[in-house]
Structure formats: C-alpha cells, structure tokens
Number of protein chains: 2
Amino acid sequence: MPRYVYYFGDGHADGAGSMKPLLGGKGANLHEMTRIGLPVPPGFTITTEVCSYFYDHKRTYPSQLEAQLAAALARVQESVGKKLGDKEQPLLVSVRSGARDSMPGMMDTILNLGMNDEVVEIIAKKTKNARFAWDSYRRFLQMYGDVVMGVQKRPGEDHEPFESVIEHLKDQRYGKHDFPDVKLTAADLKELVKRFKALIEERTGKSFPQDPKQQLWGAIGAVFGSWMNDRAMVYRRRYGIPHDWGTAVNVQTMVFGNMGETSATGVAFTRDPASGEKVFYGEYLINAQGEDVVAGVRTPHPIADLAKQMPAAHRDLMKVRATLEEHFKDMQDLEFTVEDNHLYILQTRNGKRTGHAAVRIAVDMVGEKLISKKEAVRRIPADSLAHLLAPIFDRQSASNAKKIGSGLAAGPGAASGHVVFSAEEAVARSGKGEKVVLARIETSPEDLRGMIAAEGILTSRGGVSSHAALVARQMGKVCVCGATGIQIDYQKRTLSANGMSLKQGDYISIDGTAGEVFAGEVTTAPSEIIQVLVDRSLNAKKSISYQEYSKLMKWADDFRTLGVRTNADTPEQVITAVAFGAEGIGLCRTEHMFFEGDRIDAMREMILAGTKEERARALAKLLPYQREDFVGIFNALDGLPATIRFLDPPLHEFLPHDHAQQSELANKLGVAVEQISRRVHELHEFNPMLGHRGCRLGIVYPVQRKGIKVHPEIMIPLVGFPRELKLQIDIVRRVAEAIARERETKFNYLVGTMIEIPRAALVADQIARDAEFFSFGTNDLTQTTLGMSRDDSGSFLPTYAELDIIDANPFASIDQKGVGRLMEITRDLGRKTRPDIKLGICGEHGGEPASVKFCHRLGLNYVSCSPSEIRGRGQVWRYRSGASTHHRRDLLFSLPRFHSAE
Amino acid sequence: MPRYVYYFGDGHADGAGSMKPLLGGKGANLHEMTRIGLPVPPGFTITTEVCSYFYDHKRTYPSQLEAQLAAALARVQESVGKKLGDKEQPLLVSVRSGARDSMPGMMDTILNLGMNDEVVEIIAKKTKNARFAWDSYRRFLQMYGDVVMGVQKRPGEDHEPFESVIEHLKDQRYGKHDFPDVKLTAADLKELVKRFKALIEERTGKSFPQDPKQQLWGAIGAVFGSWMNDRAMVYRRRYGIPHDWGTAVNVQTMVFGNMGETSATGVAFTRDPASGEKVFYGEYLINAQGEDVVAGVRTPHPIADLAKQMPAAHRDLMKVRATLEEHFKDMQDLEFTVEDNHLYILQTRNGKRTGHAAVRIAVDMVGEKLISKKEAVRRIPADSLAHLLAPIFDRQSASNAKKIGSGLAAGPGAASGHVVFSAEEAVARSGKGEKVVLARIETSPEDLRGMIAAEGILTSRGGVSSHAALVARQMGKVCVCGATGIQIDYQKRTLSANGMSLKQGDYISIDGTAGEVFAGEVTTAPSEIIQVLVDRSLNAKKSISYQEYSKLMKWADDFRTLGVRTNADTPEQVITAVAFGAEGIGLCRTEHMFFEGDRIDAMREMILAGTKEERARALAKLLPYQREDFVGIFNALDGLPATIRFLDPPLHEFLPHDHAQQSELANKLGVAVEQISRRVHELHEFNPMLGHRGCRLGIVYPVQRKGIKVHPEIMIPLVGFPRELKLQIDIVRRVAEAIARERETKFNYLVGTMIEIPRAALVADQIARDAEFFSFGTNDLTQTTLGMSRDDSGSFLPTYAELDIIDANPFASIDQKGVGRLMEITRDLGRKTRPDIKLGICGEHGGEPASVKFCHRLGLNYVSCSPSEIRGRGQVWRYRSGASTHHRRDLLFSLPRFHSAE
C-alpha cells in the first residue's frame, strides 16, 4: 500500500532530509531536524504524490489517505496529550504547503486550526489569557475565511473584507481606523469573531464549520488547490519549477509566540544573507505570530537583542545555529518560536543569499573545512556570479549626490531610475524601455511582476526577512528595505525624506550594498572584479569580492573539463575575453569585418564585380583590412586557437536596399544605379557559395611570420551533405598548400564544419570523414529543428510558456530533448568515424548556464560565447502576450568557466 | 591477392552472371553465356575495382594488374591459337566498357586492336581478302586515333577529321565525297591508312603505336577514362547511377562480320521491345561490323530474312534465342556476328522495352510459367506503367490529319509539337515552354539532351536497334524511327515527304504506337485504361493494354502490404482517386475549401471579426459550405477512412494584400479599409493556432445520419512539442463528446498528428502517448531537416546535382539518409510507445517511386498522394543552371499501388 502520510515528533521521524521530492523541502527538513534532536513540534506530512493524484483525479484523494491521516493524527495527539476539538485538552495545528523547492509566499497557509466556539473558551481558561485565545480564533477565522471559503476582495472593493470589519470596529470603539492591533482587548476580539462569522455567512451562504476534522480537510484541500493558483504558476515559470512536482502538506502542532511577553517569534540566518559574513543574523517580535514578522507590519528587533530579553532562549538558539550548520553544511534560514520561554524550531532551509554572500559563504566554508572545494564550486547558484560583476556606485558621483535616507542593505549593487509606486506602473514603464525603481511601503506577492520589471526595490518598512528582501536576494535585485526615514504616499504618488519630495517619474538611486538612497541619478562604476581584470586596478585587487571571486574561479578551472572560448570578431573583443579566461576563439565571423566604414564599399564593389579581374581588384582592397584584423586578433590570442568561419550571410545583406542609398553607392563606385538595383534583385534569394572563400586562409601567414604562433581552425558553415564540405575543404587544402609552397613554410590548421541543420547531425558519421572538428551552431539548429523562426516566435512563445508547452525559451536555453537529442546523435556518429573529433558549440546558448551544463554532460571539448558572457551579464527578455506586456528578466548571463566545473 | 582479371572461353569462365557489380553487366553475361555453352569468343574482364583504383590513385593501376592481365591474355592466345602481333597467327581483340547497368553509347570502344603495318599484310594474306584487312586497319586507326590519341573535331571545324580525310579521298578518286564506303577498294583503304597515320602524327606530334601491347594499355586507359566523360556523367545523373560504381573493361577475341558475303552482324530481341509481342525481332547487315548496325548508317534487313540468306546461322540463332530466354527468364537483347557462316554471340542483356512491352512480356511470361506473378510485378521498371496511361492519338482527329509518312513504331504514344532539327534548338525552345518534336536523319549520343527535351523523336534512317529507338524505349519517349520516305535537310532546316514541306517550327505529330507521321497538330485522347476507369468505356475494356494492366494491378494488390490513399479536398478528386484504387484520404486540407468564390469572403469576415459574436456569425456562414463538401467527400468514400487536417496556413494568406483588393473587400463587408490593412499587417508573421478548430469535427455527423459510414481521422499539423498536441486533442475530444451527447449517437474517429518538423520525430515516443496515428508531412520535413527553402532552392540545387552533392532533388524524392533517417527514428520511437500506431505519409513524396519503396521498407501503413499520382502521370522538372537551360523529364508519376508491391 502506498504511504501517503509521514509522521514526525519526539525524536522519531518516518521521513528524512533526503526525501524532498516526496515530502517537500519544508517537510523533509522538519523530519530531519526531529531526527537530530532539535525541538520540533510534532506533526505529519502528506506527500506530493497526493497532490499529483489530486490533480489527475478531478481534485479527489486516494482512498487510503483518510485512514493513514487518522493514524498519524492519533500519534500526534498522543504525543502532545491533546486532541482536536477536545473539551479538556484541545489541539491546535497549522496546515502549510511545502514544495520540493521553496516558493515563499506563493501558496496558502492556515494557522490555529482546531479553534471553534467551544475550544476558544477552553483555551482562554487554560492559558488564563482570554485575549490570546480570542486573537488566535479571529486570526484563524480570517485565514480560513479567505483561503478555504473564498471570502476575498471583490472587484470595486478597496480593502480586504476582514480588514474592513476590523477598521470599522476600531473606528466605532476608538474613533480611528488605524488603532494598533495589539491594543485591542479580548472583548474587542470576541466581537470581531462574531462579525467575522457573520461576514463568512453573508458572503458564502455557508456557516463557518465548527468541526475541527471538517476544518482540517478543508485546509488540506485549499493548500493543494493553491499549488495551481496564478501567483504560484507565474513563480514556477519564472524559476523553471515543473508544475507536476506538486506540493506536500505539513500538519503540525501549533506553538505560540503570541502568548504574552514570555513568548516571541522570529526568523534568523546562520550567516548574513546579503554580505555572507559569518554573523548570526535575524530578527524577532515579542508576543507575535510568525506572519507578523514576514509581513513587515511591525519592524522587528535585531536578533542580538534576544540575548538580553530572553537569555535562555537565546542560548538555546545559538546551539541550534551551530547544530544546523554542522549538520546541513550550508547557511540556514530558520524560523523559531518561543512559547512561554520554550524554544521551538518550525522550519529550516538553505538560506537564499545574494551572489556576494553565496561566494563568500562557499569560500569561507572551505576554510572552515565544512565543505570541499568542489562542493563550493558546485554550490554557487548558476546565476549568482553575475551579482559580483554588476556595476557599483561610482564613489565620486555618489559623494556628490543628495543622500535622502538609508535602510537595510538587502540586495547589493547599484540601481538608478524613475521612481514608481505600483507594480502596474513599473511594468508599464519598463515595457516602454524605461528604467524604474519600485518604491513601496512594504511588498507582497502581488507586487512580484513589478519587482521583476524594476531595476531596484526600495521599501520603507520591513526587515531583512521581509518579502521585499527575500525576493531581492533570490532574484539578484538591488534592494534597500526598511528605510524608515522615508515616507511614501500611494495616493499622491510622492516619496518624501530629509526635507525633499520626489514625485512619480523623478530620478532616484539606491545603493543596495551600503543601504543608501539618493535623489537624482548617480553614475555607476564597474565592479571591482572588472576593475582588476580589465582596468588592471591594483587597488580593486585587494577587495574581498575580487579575492573570493579569483579563488573560486581558480577552483573552477581545476575541476572543469570543458574548454571555454569566445565568439569574437575584433582584437578588442579578444583582449577582454582572454582577460576573463577565454581559451581561444570559437567563432570568428569573417563577414563582421566587412560591415564597417570603407570596408563595406570594397565588399560591395566585390559583389558588384562583373568580371574576374574586377573582382580581384576589389578583393585586393579588402585584403589589407582583413590582414590587419587578423594580425590584431592573433596577437591578442598569443598562440590560442581560433575558429574562423567562412562567409555565411547572403550577399544581398551587404548591399543597400533603398533607392537613395543605392544612388549614393552608384556615385561612389561610378556605376549606373540600375546595375546595383539589378544585382540586389538577383541576389535576393541567393545562398552564396563564393568560390574564392578558401583563399582567405592565406591571410594568417603574415602573422606567423612575425613570430606569433597561430592555430587557425577553418570552419565551413551550413553543411548538410558530406560532399558540400568535401568540395570546400579541397579548396582550403589547395590554397593552404599553395601558400606553404610559395612561402616555403608550414603551418598547422584544422578544417571542420558547423552543425547547424538537422541533416548534418543525422549524417555526422559521413561528414566526420572530412571534418576535423564540429561546432554546434545552435541558433540555426534550433530554428530548423523546431521549425520555428526566431524572429517570428515572439508572437506565440509567451503563450507556449503560459500553457507549459515549453519549459524555457528554446532560443535562450538549449531545447535538450529536441535539439539536444540531435547533438547527442552528432557526437555519437562523429566519434564513431573519428574518435578524437573536436566538438564545440558557438551558438548563443554557449553562454547560458543550463546549456553549458548540458554541453558538459554531452562531453564537448569547449563552449564558445560572446565576450560579455565570458564576463557575465544580465539580460532582459521582453515579450508581448495578448493584451498585457510581460517583462521578464532572465539572467542569461553566465560564467561558463564556472558552470563547466559544476 | 585481389583478383582483377577474369578469364572466359571454351566453356569455362572465372566469373558468372551474378557478378555484375564486379564484372559489369556485359562482362558478367559473357561469362554466364560461356558457362551455358553458347558460342562466345574467348576473352577476359578487368574488374570495376580497377576503375575505382584508377580514379582514387591519379589514374594509375594496381601493381598486380599487369601480371594478371598477361596471364589471362596468354590463356586467350592459347585458346584461339593466335597471338597479339604474331607474324603467323596474329590475334585481334576488341576492348569494350561494361558498367553494372548498361549505358549504351556513353563510353568508348576499340575494335580490331592488334592491327599494325605487319599484321595487316599477314591477315590480308591469310584471309585472302586484302580489302577486309585494310578496312579493319583503317577502322582501328580511326577509333584509336579518336578515342585514345584524342584526334577529334576542333572548334570551327565542320567535320570529324578522319571523315574529312575519307571524303577528300573519295572526291579525289571518284569525284564525289559521298561515294559509298563499301565500294572503296583495298588500294583506297591502304591509302587511307597512310593518310590516317599522317593525320595522327600531324595532330598529336606522336606516331601511331605499332606495338599491340602498347595499343592494349592505351585502349584500356581510354575506356576507364571514358567513365568520367561528359556524356557518361550526364547519363548517370539522368538515371541515378552512382559515379563510384565504375566500369569494367572487356578484352575479347575479334570475330568479323565484314569478311565478305558469308559474314554478317546483327542485333536481336527475343521479343518485340516496342509492343512486347512474342516474336523474334531484330536486324542484321551482311559484310559489316557491329557499329554499322547501331549507327543506323545503312538500313539493315529484318531478322526473318536471315533464314533465307544464311539458313544454318539462322537455325543456330533460333536455338540461342530459346536457350537465352529459358536461362535468363527475361526478354534478351543480343548481339551476334556470323564469321564465315559461324555464329558467335557477342553480348546479351535484359532488353530495354517500352512500358507497353514491359507489361505484356511480364504478363505473358507468367502465362508461360517462366516467372512467378510476384516476379512479374517486381520486374516492371518503376516508371514504365505511365506509358500505358499516356494519351494516345484521338482516332477521329488523326483520321482527318494529313499523313506524310511512316516508319518503325519505336516508342508508343502520341506526340505533337513544333518540329526542330537540332538538339540545341530542342533545348532552347523547350526551355521557353514550347513542345517540340526532334527530327534527325539519325541520332547519336550528342543528341541526348535534345531528345530529353523533346516530346517525341522522329528519324529517317535506322532500325529498331538504332540509337534513337534504344533511347526512346529507355526513356519512354514517343518515337518513330527509320521513316525512310521523309527527307530531312539540316542546312535548310526543312523536312519534306509526300509532296509536303515543313520548315523548322511548323507543327508535326507522330504516333509512336502505329509508326505514323502527320503534318500539323493532332489532338490526343486518354489512354484506354483511363477510358475504362474514368469514362467507363466498355469498348476500351477489351483493349490489350487495359487487360494486361488490370491483371498486373490485381497481382500488385495481392502482394502489397502498403495501403494507398489520396490527398484530396473535393468530392471530384475523391471519385477519380477511388476509381484508380485509392483506399481512403490521407490528407484533406480543410483550408482548401475556403479559397473559392463566396467562401473566401466568409472566411475573411471570420478573420476580421472583432468580437466572439461576429466571429460566430461568420463561422455560421462557412458551416453550410464545409458541411456540403464533407457530405460529398464521405459519400464518395463510402466507408473508407479520411484524414482531415485542421487549418494550417497563416491566416494572412486568406486576406488580400494590395490596396485595390482591400478596398473592394472593405466595401463588401461594410468596414473601413484601414481595418483590413491593419489586420493584414498584424497577421503578417502570425502562426495561427485558432482555438475554435476542434469544432469542425461536428460537421461529420450529418453524413453519418444519412446512413453513410464515416471514419474521420483528425490530424493536427505542425506539432513539435508533445503538449501542443495534447491541448488540441483535448478540444477535439471535448467537442466530439458534446456532439455525441447532443445527438445521442457515437462515432468512431482517430486523432493524430503530422510529423513535419525534426523535433516531432525526435520526441515521437512522447507524442505517441496522445497520437493514434502519425502522417509524415515530408514537404515541410524536408525543408526543415535540410534547412533549405523549396522556393529558393532552384538557385543552387542544379549546381548541387552537377557536383554530385545530391543524388536527386530532395523535394521530389525523399532524402533517405537525412529525412528518411528521421522517419526511421519516428517509427521506432512511435511504436515503442504505441505498438499499433498507424503510420502514413501525405507529403508529395508519397507518389514518387523511390520514395514509395522507401516507405514500404520503413513499414508504413499507407502512402497518400495526389489523385493524378494515383493514376500515374509524367512530370517535367525544369531548371536553370548557369548559362544553359536544362530540361529534365523525370517520370515522377507513379502508381503507388504497384510500387508498394514491388
């Protein structure tokens, strides 16, 4: 019989930390913490398989679930000596979601379940704290009414209905609707309970269920149901979490941080999640429930204060911190509650962190012998390293700027843009290409799309565990939170601080590394790492971020087996890429040399040539340009190999298409304009196979004569038939031999081909008879394999993503099942014919983390990507879908040297 | 040690008939005939492997060849008691090419090798026939000088140099340059020998080699060299013969048909190669060598005359005929020579024949119990059946036409067009789209391109074994040859006969079935088979061609495993296709129903609809049209299945693109023209996924209600991701269920997808979870797999064919190594998931013979092709390449019912 329910409590757990796919991340860690003796309130986990069953069977449960749940509940009740709905010892439980990967705030949670009209009285009596009992009951009614019974804000309503009831009562009894919650009396709360029940009945036509068992099943259904809510689906698509993983449900005995001044609740990180420094970092609230901390409604105390306020609990917490890091070998993000001076741990998970923190923690933990160097490399999330390379505020410019406030440094980096006060405005403006900074009093999951669209996030309320801080850390956003000196007025759309007032659209700048806010625009400077590698700054070399970066990259270089090259067409690009570790050129597009300045005129002359002699004359003009470029490139490479692709684009791309430009060119070349327009017309659909391509090889010779070693790899594009390649290679070899004879020298070169159309992959064994290397041109290979033009796909790919037809944009990340399958076929067939064939990739996918990993698994020799990807970069993917404009920031950037070692 | 030389003679042969790849067709049959005791002059065969070696090693030979050749030559010399260059018994040999498949006239041949200044005298003495000896010598000098030493017509010269020498001598000695060859005396011929040797020396600077061994090696090199001559390469491309097969070389003792009145030479077919009738059919010349017969210079005697002229030889020949048919079990084309009343057989091969003959011979041989029914089906060449379906002369029209001559019926069928007198003119005019009939006194291999370009061929000289007749039979051309009453004047470009004169460009008509020639245009009528199947003519049903056709097709239906469907969008198309044996519709393109008349307006209204209601209203207008079409189609199908594809083309294809048409449409629909042009613009790059597609399924219901069984197979196009299909199928099932509920009935249907992009092939296992059938859309699959747009490929495919990069046009015949490999992958993956998945093809390749065979080997359930391909049709493929215009007639037509049984 399949096991659907796993019990944990009293040092025993049916599950373990390794069972995340089945129990979810939260559940698995609750089981693990129970096993290692930490104080976890007892409970049980309903598995993710039940969630899958739920959606596969029209939202019903497997028949065995009810009995298994009853048995687990009985064990919990026995363990704590309380029972759901019991007249003497009533049990209250929480019901929480918990997916394999954490999706904070995306799904629903119910606390204080088990409360009803009888139980509230018993708890009031038992705890001698009527206010606590009625507060718990009204919180439960509020959550249950919202989440399970669907009492929510309707179109046209300004406020949540339960909040309106509270404000109305505050107004009635205290004359102001923002009277503090904590000052409400037990009688006030009892009245609220009455009014909440009436509200539920009025809105739903049903009364609130008094039976705790009925409550429990309702809550479980709501949590499973929330797996498919809008927010959660957007989030999963954003982070590439498959919809079919499902969530687990954790039912756990409640403990209370809101039982008075001897109780508290808080969150903590075992190290600083923003900087990575090894300090215990967190915050708490006395007499509160967990939701109060996370929502940022009250600004909490820093964790250090707990030592004074609750010394025993603080001591226990420090022990828990040590145990957790030692056991989980990673920085932990934990939730705790102190109930009447007893410490309970409600959750632990690997803490989200900024890129800076990720690197620092990994490097430090190697020093502390907690993890190996390989583990350190493997642990850095794929896109974290970009944070270290993001621009920082220029010190000079920032010192001149008007500082208007400061807050917590929740997301390092520098952001400057137009200030906006709503997610909608952020999305709308960024859709038009504006840079915006989103300023909110506090953020909630509804703000997610706006946060994605913004360059940076500023909040005036909330601590380091607030929603804003958490999301910023996860997305690598620049963020300053809890800038309490700043007043934000949503109505007027203004922000005022330090005597200054900014209205919507004014420039604002935030420094997420220092936690500072500036009025106006502040210019940025390159990160320290770029200052060292590109500008050779000795000063920046001493910075922590450079020190740690270079350690980590050194380890990455030690472990990786995949080579990293760059796609580069100019000496400047090569210099940058080599500084960042490129080991050669994977794609040098000869045609890129001909688009600039005078060169294009000579190129056009060559194309328009009517006779061999005219063509030779035009070619002679081009030769010095190309020779000069190659001298520069090979100089910069200093012996590293370079793959040189022969002319690829259709010739008509070099010619002007409108009449005015054609006339101008005709004047320049002294020919009739008709001659030019006729040639443009003739070439329109012509796929060029210029016979003289092979001769370019000769250009590399002068470089070698200067004493620089050159290793050219000549690459023929667009091959689909073995003989296409054979004929081209014959020309290359003939020209190479002629030059070698003429100059009485020898030089080594390879000849190979791009694999960019499916047929080439399918006959790779035959092509490998002549090709000494293959380079995957995954841009074109994706277009042909998917039968999808990249330029047109914008009109339906967003819909495809929404409908889960695709996991990721196939033009950004290799379509592993389709295109990747062809790459496997190519590798197998190619190596069958030529076991030592060199395999690389020169499509844009060569710089994307998931694709780099895929190439590593395939066993390629190298990846090649643009110089900016060798450095790491952020990239924005914008698309239109129906009426609304999405704006997705995908961190496509990557450091392939690093990824290839993971 | 590899064996390069195979001996045959005196009833013993190293080789056999089965060794065609190694010994060539001619060689293998010489060995086989020797084995079965036929009178074959001794000789040896140098293998095709030597040819391959020759081209792989810069035209040199393997080192072992010389010794092996010497040994074989020694055996020949011993067998006949003569020696090359011997002073007593000099041996003369022939050196002939012989490829695996016959390539008549394409490669070089040398006869009388071994002749020199001494040998000629000895032979003159021994044979007491000085004229014969000197004639043999001058023939040898002429061939050797041309073929081995390269003495050929130079640019600007009107005549072959050796012919000029002959004409000059005739002029000098007899006062006219067209004095008959046979009347030249021994002294004349001796003088010619002298002048020929002088000519060779003058033109080449080298003297003619007197050493027979040197002659032999020169001739062998020339024959191997001729494998790569222009003519041969054009021919191989035309008939799809790989260049790497190579030719063998046969060296054989000469026998002489020109030793006087007791000698003769001839060719014969064991049955009539034009009609297939079982009569011994051929012709011969007394006192001549083989080349005289084939060249058509003298018009030969019909074979029946031999019984009177040489009764013994005729008797022997009739025995040989019987032996050959019994042994080879096919109609044979043989060459024989009678040397001084002794019969020798110099060659046999399966005879080329017209389509009519192919069918008749195969059907007759089944009756004679020579071959099985299966063998009969297998033996018909892939494109022969089209000949039976080609139009014939309309009897009425022909009886009114002016008959101007008659000749041999060498290629059945009817051709009418402008008369031209040179190959160049034929190519030029047909390049412009004109139909031409090529009229020549006789044809030679130089005329090949003109013959390909022409509708029909007419010659005034030459018999059934002349070059013209042979080529016509092979290519299925209409041909009348040896129309001796017709005078053709190349200079004046006129043709005169029967008192009429036609000049170049005038209309002429030829009936290749009756052997008749008409002035002017004659209309054609459908073939008898079409008269029966389409026009239900009872008269035509009695015709031999219908009788044999229907027998053969019945056998084909018994053997084939592959189903045959048609691509059809209208009831008319379905009716024709079903009459010709289609077993259902493989592709019904719903959009084709919407392009006509009022329908397109309703379609446009639907596309332009701004609201759901407007769209529904437009759809309601379309529904009756579509319903009517489907009623007609299902009626015609009468229970056969139909694959219905959902809307496929981009919506903008339905809208007018120029302003005038847009205005007109705006008026019709009563909307602003801007609305239309905006929508056209919006849709420009839109790939439509209309949500309402599934609803069309409902349309099939009314048909079923009428009592006709319907088996719709709903096909979703362009699927690349499994979930694309899943989502579409969900809609189809939902709509189908709704209709079934509403009408309280059930109907059976399948849902499947086209496989037309490479990704679909690569993930076919996943797609097969939802798809109940796959249909290969090989048009698009070819474009995507090859990364080649069909519309643009015309600019480089001809060059690709010339350079042997491709074997065939991949848009005509499936690219088996590329696209075919994906089809295999699809089959394997699809059947892994769903063992009984139905597999078909609906691309245009489904009607092309080689592709049909490939589909059969793949194990598809059916092929589907256009109604005209179900009938069989000829198709012309025209293309431009550089300066010259090629014009290729590819018999792409096919009878898939037949091919699928082969």
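Worth saying up front: this structure is predicted, and the values here are computed from it rather than measured. Starting afresh in each chain, residues are numbered from 1 along the sequence in its written order. Lettering for chains starts from A, numbering for ligands starts from 1, and both go in the order in which the items are written. Local features in this predicted model are restricted to residues of pLDDT 70 or higher, and side-chain atom pairs are both shown and tallied only at a pLDDT of 80 or more, whereas totals for entire chains, interfaces and linings draw on every residue. Hydrogens and water molecules were not included; the side-chain quantities draw on all heavy atoms of the structure.

Draft legend 1. Fine view of the overall build of chain A. A tally of regular secondary structure across chain A gives 37 helices and 34 strands. Here the globule rule is a power law, 2.2 Å times the number of residues to the power 0.38, and the radius of gyration is based on C-alpha atoms. For a compact globule of 902 residues, the expected C-alpha radius of gyration is about 29 Å, and chain A comes in at 32 Å, within 12% of that figure. Taking the principal axes of its C-alpha atoms as reference, chain A extends roughly 105 × 65 × 55 Å. Looking at chain A residue by residue over its 902 residues, the buried ones come to 58%. Going along the chain from the N terminus, every DSSP run of H or I of four or more residues is numbered as a helix, and every run of E of two or more is numbered as a strand. Note on classification: 1.4 Å probe, protein chains only; a residue is buried when its accessible area is under 20% of the maximum for its type, exposed when over 50%, partly exposed between these limits.

Draft legend 2. Focus on the packing of helix H3 (residues 65-80) of chain A against helix H8 (residues 212-226) of chain A. Residue and element names in this part refer to chain A. Two numbers describe how H3 lies on H8: the axes approach to 13 Å, and their chain directions differ by 115 degrees. Remark: the crossing between H3 and H8 carries right-handed chirality. Where H3 abuts H8, its residues Leu65, Glu66, Leu69 and Leu73 lie against Lys213, Leu216, Trp217 and Ile220. Following the grouping adopted for this structure description, the nonpolar residues are Ala, Val, Leu, Ile, Met, Phe, Trp, Tyr, Cys and Pro, the charged ones are Asp, Glu, Lys and Arg, and the polar ones are all others, Gly among them. Taken together, the residues of the contact of H3 with H8 break down into 6 nonpolar, no polar and 2 charged. Structural elements are reduced to axes, namely lines fitted to C-alpha atoms, with helices fitted over the stretch in contact, and the angle between N-to-C directions of any two is expressed from 0 to 180 degrees. Should the near helix be turned anticlockwise from the far one by less than a right angle, the crossing is left-handed, and should it be turned clockwise, the crossing is right-handed. Should any heavy atoms of two residues lie within 4.5 Å, those residues are counted as being in contact.

Draft legend 3. Molecular detail of the relation of the copies chain B and chain A. Fitting of the copies onto one another was done by least squares over C-alpha atoms, counting residues only where both copies have pLDDT of at least 70. Of the transformation superimposing chain B on chain A, the axial component is 0.1 Å and the angular component is 180 degrees, with the fit at an RMSD of 0.2 Å. Read as a symmetry element, the transformation amounts to a two-fold axis. It is Thr784 of chain B whose C-alpha, among those of chain B, lies nearest the rotation axis, at 2.5 Å. Counting the interface residues of chain B, we find that 100% of their copies in chain A are interface residues as well, pointing to one common contact surface.

Draft legend 4. Structural context of the side chain of Asn779 of chain A. All names here are of chain A. Within the secondary structure layout, Asn779 lies in helix H32 (residues 778-786). Accessibility expressed as a relative area gives 17% for Asn779, which makes it buried. In terms of polar contacts, Asn779 uses its side chain to reach the backbone amide nitrogen of Glu844, at 3.0 Å. Once residues lying within four places of it in the same chain are set aside, the contact partners of Asn779 are Arg790, Gly843, Glu844 and His845. For this analysis, a polar contact is any N or O atom pair within 3.5 Å, provided that within protein one partner can donate a hydrogen and the other can accept it, and provided that sequence-adjacent residues contribute only side-chain to side-chain pairs.

Draft legend 5. Inspection of helix H13 (residues 355-367) of chain B at higher detail. Residues and elements named next belong to chain B. In this analysis, the expected span of each helix is defined as 1.5 Å times one less than the number of residues it contains. The terminal C-alpha atoms of H13 lie 19 Å apart, and with 13 residues this matches the ideal 18 Å at 1.5 Å per residue to within 8%. Here H13 lies mainly inside the structure; 10 of its 13 residues are buried. Restricting attention to buried positions, one finds in H13 the residues Gly355, His356, Ala357, Ala358, Val359, Ile361, Ala362, Val363, Met365 and Val366. Where H13 is buried, its residues meet helix H12 (311-328), helix H14 (373-379), helix H15 (385-389) and helix H21 (544-559). Of the residues one or two after H13, Lys369 is the one with positive phi, at around 60 degrees.

Draft legend 6. Region of interest: the sheet that holds strand S21 (residues 500-503) of chain B. Residue and element names in this part refer to chain B. One open sheet holds the 3 strands; their spatial order is S19-S20-S21, and the pairing between them is antiparallel. With partners counted over all chains shown, the strands left at the sheet margins are strand S19 (487-489) and S21, one partner each. Neighbour to neighbour, the strand axes of the sheet diverge by 15 degrees on average, direction disregarded. A pair of strands is treated as paired once DSSP finds two or more bridges between them. In this sheet, S21 lies alongside strand S20 (residues 494-497) in antiparallel orientation, the contact comprising 4 bridges. Each bridged residue has a counterpart across the sheet, and for Ala497 the counterpart in S21 is Met500.

Draft legend 7. Seen up close, the pairing of strand S10 (residues 332-339) of chain A. Residue and element names in this part refer to chain A. Extensive coverage of S10 is indicated by the burial of 8 of its 8 residues. Here S10 shows two buried faces, one formed by Gln332, Leu334, Phe336 and Val338 and the other by Asp333, Glu335, Thr337 and Glu339. Two elements, S10 and strand S11 (residues 342-350), share 8 bridges in a ladder whose sense is antiparallel. For Leu334, the partnering residue across the bridge sits in S11 and is Thr348. Between S10 and S11, which pair antiparallel and follow one another directly, the connecting turn spans 2 residues, one of which, Asp340, has a positive phi of 50 degrees.

Draft legend 8. Fine view of the pattern of salt bridges. All names here are of chain B. In what follows, salt bridge is the name for a side-chain nitrogen of Lys or Arg lying within 4 Å of a carboxyl oxygen of Asp or Glu. As enumerated under the stated definition, the model contains 78 salt bridges over all chains in all. Salt-bridge contacts for Asp506 lead to Lys503; the nearest nitrogen and oxygen are separated by 3.7 Å. By relative accessible area, which is 23% here, Asp506 ends up partly exposed. Residue Lys503 is classed as exposed on the basis of its relative accessible area, which comes to 51%. Residues joined in a network through salt bridges with shared partners are Asp330, Arg353, Glu375, Arg378 and Arg379.

Draft legend 9. Layout of the confidence of the model for chain A. Residues and elements named next belong to chain A. pLDDT gives the predictor's per-residue confidence on a scale running from 0 to 100. Looking at chain A as a whole, the pLDDT averages 85, with 91% of positions reaching at least 70. Counted against residues more than four places away or in other chains, residues 685-697, with its pLDDT under 50, gives 39 contacts. Residue range residues 873-894 is modelled with pLDDT below 50. Its contacts to residues more than four positions away, or to other chains, number 69 contacts. Scored as a complex, the prediction yields pTM 0.73 and ipTM 0.71.

Draft legend 10. Structural context of unusual backbone geometry. All names here are of chain A. Notably, Asn287 is not glycine yet its phi reads approximately 55 degrees, a positive angle. Following the sequence through the fold, Asn287 ends up in the loop between strand S8 (281-286) and helix H10 (290-295). Relative accessible area serves as the criterion here: at 24%, Asn287 is assigned to the partly exposed category.

Draft legend 11. Just the interface of chain B and chain A, in detail. With 33 residues of chain B in contact, the opposing surface of chain A contributes 33 residues. In total, about 2800 Å² of surface goes out of reach between chain B and chain A, with carbon and sulfur atoms giving 64% of it. It is Phe721, Arg759 and Leu762 of chain B in chain B that bury the most area against chain A; as a group they hold 19% of the surface buried on that side. Seen at the junction of chain B and chain A, the total is 2 salt bridges. When two parts are brought into contact, each loses some accessible area as probed by a 1.4 Å sphere; the total of that loss over both is the buried area.

Draft legend 12. Just the environment of Trp245 of chain B, in detail. All names here are of chain B. Mapped onto the fold, Trp245 is located in the loop between helix H9 (230-239) and strand S6 (247-253). Owing to a relative accessible area of 23%, Trp245 belongs among the partly exposed residues under this scheme. Separated by 122 residues in sequence, Trp245 and Gly367 have C-alpha atoms that sit 36 Å apart. Not counting the four nearest positions on each side in its chain, Trp245 is found in contact with Thr48, Ser52, Arg100, Asp101 and Trp227.

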